[in-house]
Structures are given as structure tokens and as C-alpha cells.
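One letter stands for each residue in the lines below.
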Amino acid sequence: MKANETTKKIKANKLISSNERFRRKISFEILKGLFMNYHIVTYGCQMNLHESEKIAGVLKGLGYEKEVPLEEADIIVFNTCCIRENAENHAFGNIGALKKLKREKKYLLIAVGGCMTQEAGKAEILKKKFPFIDIIFGTHNLGELSSLIEQRRRVKKFLLSVHDERGETEDGISPVRTSYPNAWVNITYGCNNFCTYCIVPYVRGRERSRSAKDILREVEGLLEEGYKEITLLGQNVNSFNSDGRGEMSFPELLSACASFGGKYRVRFMTSHPKDFTRELASVMAKRENVCNLLHLPAQSGNNRILSLMNRRYTREKYLEEIAMLREMIPGCDVTSDLIVGFPTETEEEFQDTLSLVEEADFSSAFTFIYSPRTGTKAAAMEGKIDEETAKDRIMRLVEKVNENTRKKSARFVGKRTEILCEDFDEKKKLYLGRNEEGRMGYFASDKNLIGEFVTLRIGQANGVSLYGTEENRL
Ligand code: SAH
Ligand code: SF4
Ligand code: F3S
């Protein structure tokens, strides 16, 4: 699962509209009678993207009208990530940049939530560093956000509410979805795996499954609304129902999610290799609308490092799983997450990760330099890898991954592939959408085809991107 830290630096005081200039002059009391708008800044993984959709749902429930540029918002919510130090630094920088805006707009509310606030002592650090924050809330109490904002509107007092555990799996919040034609659907929250480098189990708590009944009801509703792609989300979807609350196994759930009428696709992420099964591969093979793409984070290709990471599988088992999958679905695309520079990793051990890229034939992979996270087991390990070595390793790894990506993309050239059109690229002036293998296909059209399945004939490949023409235009 990609945890892509937002790299865009926020410029708090860009050009502002005359409407905004007027709003800044009036009091909160008058402003309350006008339409108020929001802005959400999201960092991190797909889980967080979806959680931001729920935050938008909360804001709409409170009467905030729509999402506007940051400078024009009446409330700004930061949904943070702490998976690597980088992610935290971006959030710190961007929250800090709001100091001036907050001074100019007395009525502006700033709320900070997400994984960072759940880290031990982080909420206090945030408040100390940025006294202008109005509300800090955690990942376990999204349901409380509405009343926190209402309280803060009534009294000028800083509010902090971060819980250690989430009791219920249903928060009853209707999300404002922003990724049409795709819809994210949570199936589990939290994680029990405690990979030694990872902070997620500490900030998201123990794994909890939603009930299959609730999930299927949500999926059916989304399909009725016209969504064409459903992505099931969990830190380790394969262990769905480990607490018995799910009512069925993950392969059964996946199969049920794929069995409604009409044309649509189902994706899922993330799969943990220790729990990948033949049953799951066979649902992928049997169900045409379950995408033939498996994101299976390997993290390392070396058994000693995998054991130090507490991943609970070996390189050999990992490769056997992929072989089993490809026996059922010839050429099935597999993508991965890989970490370099884990404590004590030697050059030879890194070479095992390099060779895994080729042997596992990854279509692409997210690559990360190990980042120590306070409180995790690995952070206390000796044998830190120096920055220069880690940077050198990631550069070599990225090169290897890109080489494989190019090779895997080239096979689409001259062929037909079906994409689900999801957006229009203003710069390229082309429509775009992914095929089931996750490749982004670009094409020109005079008609808005967002939300439609389009067959392209591919003329050119560039990295993970494919360029083609609509089949019926040939
Ligand atoms: N639950 C998912 C991963 C979620 S985090 C899984 O297990 O597959 C997404 C990715 O971030 C991980 O797969 C890992 O590659 C990376 N990651 C997590 N913690 C990290 C750390 N401390 N340093 C560097 N990368 C890390
Ligand atoms: Fe982190 Fe491991 Fe859980 Fe993934 S499975 S969220 S890497 S602890
Ligand atoms: Fe996701 Fe980052 Fe939290 S990767 S689960 S937002 S720590």
C-alpha cells in the first residue's frame, strides 16, 4: 500500500478572491449565517484518503458547503500520517505555514487528526509547537469530530480528544466520495502483525473486521449509485474475520462482493504474504470482475532480514505463492512494497531484494528507505545503516524496479486493453484510466467518458503509463 506523503508545500497566503477579502473583514457571528466551506489536507495511504472522505461527511453534516482552496476555507482539517519521518515533516511544515493565515482570519478553525495524533506524546508536541490549532482528534473517534467542532464554535478553547482504542467498527458517517468511479470500502481497521519497523498497530490499534453484511450492503448501494470499481481496504485483508466479527473468510467476502449484477470491478489491498491462500487465488481466477493484480508487499528478499522484520514468511514461500497464483492466472501482475536499509542489512542481503524484483517479476513496486519509528522494536535495534549507503541502495533498487516496469508495460504495445476512465488530465489534455492490471492508459476523446469502460489500442508505453486510441476510432 502506498503511503505517499503529500509533497506539495502549502502556500498559505496566495492570491485571494474579493469574496474572501470580504469574509475576512466580518465577524464569526455574521459569517455563521453565510455559507461556510472546508479544506482537507490528506497524507498517507488509501485508508486515510477514505477517512478524509468521512471527515468531509462530518463537515457537510455541520453545514460546511463544499471543499475550496485552502486560503478560502473556514475550517482546515489535516489528516496526518506517521509511517515514515518524511510524512511527519511534511505535516509539521504545512501546519506551521498556516500561522499567518490564522492570524488574519480570526474565525478560521484548524483541526488536526489522523495517525500522527495517536503517537505517544505527539498531540502535546503539536499543540506546543502550533498553539493556534483549535482541535486535535484521533483515528478512533471520528464519530466525535462533529461535536468537537460544535463545541469549539461555541467556546474559544483548545480541544483535544484522542482515544486509545476504537470500540465499534461502524462510525455511521456517510462519506463524501471524491474518487468516482472508484469507491473505497473499509473491511478491516487496525493491524495485529507488529512488523518490527511499523507504527501502524500502535496508531491504528488491533485488527477489527466489519461484518460482511454491512460491507455487502455498502457495496450494493455504491453499485446502485453508479460506482464502477470497488476497492476493499484493510492493512491485511487476508486476515479478515480473524476476530470472528466478519462472518465469513476473505475469499468468500471477495467472491460475494463480485457477484452483484452489472459491469464493475473489484480490487483489494493490502495482502500479507503470510496469509495468502489458494482459495483467494482461485476467487481471483474464477471471478472475471476481480482484477488480475495482486499487491503483495515483500519488504525484503532476504530471509534473515524478513525474520528480523517479523514478517513470518520466507523468500521461498513468497515466490511459491506467486507461482501458485500464476499457475491459476498466467502472467498475473504482482506489485510490491520494498524497504532498504533495515538495521544490519548487508550489501549481499540487499542484493537478495534486488534479485527478487526480477524473480518475482514485479510490475511495479513502492520503494522506501527504512525510517526508525519511536516505540517500534526495530527502532531499538543496533546496526543502523548510514544514510549514504541507504540512498545508494534505494537508487539501485528503483532502477531495477523501473527496468522491470518498462518491460512489463511494453507487452501492452500493439494490443487492446480495457480501462475504466477516471479523470481528464488538464496538462496532457487526455482522458485517463487504469486497466485491471493497474496500468494508467491515456487517450484523446471529445466526449466526457469518465465512469465508462473504454477499450484502447495501445501505441506507446512509458513507465507505468500507456498511450492509445479508442478502439472504435481506429
Ligand atoms: N499493511 C500494509 C502496509 C502498510 S504501510 C502491509 O503490510 O503490506 C505501507 C508500506 O510502508 C509498507 O508496506 C512498508 O513497505 C512501508 N513502511 C512501513 N513502515 C516503514 C518504516 N518504518 N520505514 C520505511 N518504510 C516503512
Ligand atoms: Fe505495518 Fe506489518 Fe501491519 Fe502492514 S502488516 S500495517 S507493515 S505491522
Ligand atoms: Fe496509513 Fe500512514 Fe496511518 S500509511 S495507516 S496514514 S501511518
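Caption draft 1: Representation of the overall build of the chain in the model. Helix and strand counts for the chain come out as 16 helices and 19 strands. By the compact-globule yardstick of 23 Å for 474 residues, the chain fits well, its C-alpha radius of gyration being 23 Å. If you line up the chain on its principal axes, its C-alpha atoms span 65 × 60 × 45 Å. Of all 474 residues assigned to the chain, the portion counted as buried reaches 56%.

Caption draft 2: Just the environment of Phe240, in detail. Checked against the element boundaries, Phe240 lands in the loop between strand 10 (229-233) and helix 11 (250-257). Here Phe240 falls in the buried class, since its relative accessible area comes to 4%. In this structure Phe240 touches Ile187, Thr188, Ser209, Arg210, Ala212, Ile215, Gly246, Met248, Ser249, Phe250 and Leu253, once residues within four positions along its chain are discounted.

Caption draft 3: The arrangement of the site of ligand 2 in detail. Around ligand 2, the structure places Cys191, Asn193, Phe194, Cys195, Tyr197, Cys198, Val200, Pro201, Gln235, His272 and Arg311. Here the shell around ligand 2 is built from residues that sort into seven nonpolar, three polar and one charged.

Caption draft 4: Spatial organisation of the packing of aromatic side chains. According to the stated counting rule, one finds eleven aromatic pairs in the structure shown. Summarising the aromatic geometry, the rings of Tyr431 and Phe443 are spaced 6.0 Å apart at their centres and angled 35 degrees between planes, so their arrangement reads as tilted. Within this pair, whereas Tyr431 is found in strand 16 (residues 430-435), its partner Phe443 is found in strand 17 (residues 440-443), the two being separated by twelve residues in sequence. Taken together, the ring pairs connect Phe92, Phe130 and Phe132 into an aromatic cluster. Directly above the ring of Phe158 sits Lys127, whose terminal nitrogen or CZ lies 4.2 Å from the centroid.

Caption draft 5: Just the domain arrangement of the chain, in detail. Domain assignment breaks the chain into domain 1 (16-161), domain 2 (179-291), domain 3 (294-408) and domain 4 (416-473). Taken over C-alpha atoms, the centre of domain 2 sits 24 Å from the centre of domain 3. In this assembly, domain 2 packs against domain 3 so that about 2,200 Å² is buried in total across both faces, 68% of it on carbon and sulfur atoms. Sorting the residues of the side of domain 2 that touches domain 3 by element identifies strand 11 (265-269) and helix 12 (278-286) as the ones contributing at least two each.

Caption draft 6: Region of interest: the layout of surface pockets. As a volume, the second largest pocket reaches approximately 350 Å³. What lines the second largest pocket is a set of 17 residues, and nearest its centre among them are Ile369, Tyr370, Ser371, Pro372 and Glu387. Of the residues that constitute the lining of the second largest pocket, the class distribution is eight nonpolar, four polar and five charged. Here the lining of the second largest pocket spans two domains, since at least three of its residues come from each of domain 1 (16-161) and domain 3 (294-408).

Caption draft 7: Looking closely at helix 10 (residues 212-225). Over its 14 residues, helix 10 extends 20 Å from the first C-alpha to the last, a length consistent with the 20 Å expected when each residue adds 1.5 Å. For helix 10, the full list of buried residues reads Ala212, Ile215, Leu216, Val219, Leu222 and Leu223. Down the axis of helix 10, the sector holding all buried residues measures 125 degrees, keeping them to one side. Projecting away from the buried face of helix 10 at angles above 90 degrees are the exposed residues Lys213, Arg217, Glu224 and Glu225. Lining the buried residues of helix 10 we find strand 7 (182-186), strand 10 and helix 11.

Caption draft 8: Examining empty space enclosed by the protein more closely. Applying the stated criterion to the full structure yields three cavities of 30 Å³ or more. Taken together, 37 residues form the lining of the largest cavity, with Ile83, Tyr197, Cys198, Val200 and Gln235 sitting closest to its centre. Taken together, the elements giving at least two residues each to the lining of the largest cavity come down to helix 3 (46-61), helix 9 (200-204), strand 13 (333-340) and strand 14 (364-369). Ranked by residue count, the leading element in the lining of the largest cavity is helix 9, at four residues. Among the residues forming the lining of the largest cavity, the class breakdown is 22 nonpolar, ten polar and five charged.

Caption draft 9: Structural view of helix 7 (residues 122-129). Residues Lys122, Ala123 and Leu126 constitute the buried set of helix 7. Along helix 7, the residues classed as buried sweep out an arc of 105 degrees about the axis, all on the same side. On its buried side, helix 7 packs onto helix 4 (85-96), strand 4 (109-114), helix 6 (115-118), strand 5 (135-137) and strand 6 (159-161).

Caption draft 10: Representation of the site of ligand 3. Cys45, Asn48, Cys81, Cys115 and Gln235 are the nearest of the nine residues found near ligand 3. Among the cavities detected, the one that contains ligand 3 is the largest cavity. Grouping the constituent residues of the shell around ligand 3 by class yields six nonpolar, two polar and one charged.

Caption draft 11: Looking closely at the sheet that holds strand 15 (residues 416-425). The strand order 15-16-17-19-18 describes a closed barrel built from five strands, whose pairing is mixed. Strand-to-strand twist of the sheet, defined as the mean angle between neighbouring strand axes without regard to direction, takes the value 50 degrees. Relative to strand 17, strand 16 runs antiparallel, the two being bridged by four bridges. Bridging from a neighbouring strand, Gly433 pairs with Gly441 of strand 17.

Caption draft 12: How the structure looks around the pattern of salt bridges. Taken as a whole, this structure holds 33 salt bridges when the rule is applied. When the shortest N-O distance is used, the salt bridge between Arg177 and Glu218 registers 2.7 Å. Linking Arg177 in the loop between strand 6 and strand 7 with Glu218 in helix 10, this pair joins segments that are 41 residues apart in sequence. The partner of Arg265 in a salt bridge is Glu229, with the nearest N and O atoms 3.3 Å apart. Of the two residues, Arg265 is situated in strand 11 and Glu229 in strand 10; the sequence distance between them amounts to 36 residues. Here Arg265 and Glu229 have matching classes, each one buried. When salt bridges with common partners are traced through the structure, they connect Glu229, Arg265, Arg267, Glu422 and Arg434 into a single cluster.

Rules used in this analysis
Residues numbered from 1 in each chain as written. Chains lettered and ligands numbered in written order. Predicted model: local features only at pLDDT ≥ 70, side-chain atom pairs only at ≥ 80, totals over all residues. Heavy atoms only, no water. Helix = DSSP H or I, 4+ residues; strand = E, 2+ residues; numbered from the N terminus. Rg over C-alpha atoms; globule rule 2.2 N^0.38 Å. Buried < 20%, exposed > 50% of the residue type's maximum accessible area, 1.4 Å probe, protein only. Contact = heavy atoms within 4.5 Å. Near = heavy atom within 4 Å. Nonpolar A, V, L, I, M, F, W, Y, C, P; charged D, E, K, R; others polar. Phe/Tyr/Trp six-rings, centres within 6.5 Å; stacked < 30°, edge-to-face > 60°. Lys NZ or Arg CZ within 6 Å of the ring centre and 35° of its normal. Domains from an automatic or database assignment. Buried area = accessible area lost by both parts, 1.4 Å probe. 1 Å grid on protein atoms, 1.4 Å probe; cavity = no way out; pocket = protein on both sides within 12 Å on 5 of 7 lines; lining within 4 Å. Points joined across faces, edges and corners; volume = space filled by probe spheres on them. Expected span 1.5 Å × (residues − 1). Arc of directions from axis to C-beta. Sits in = over half its atoms within 2 Å of the grid points. Pairing = 2+ DSSP bridges. Axes fitted to C-alpha atoms, helices over the stretch in contact; angles between N-to-C directions. Salt bridge = Lys/Arg side-chain N within 4 Å of Asp/Glu carboxyl O.

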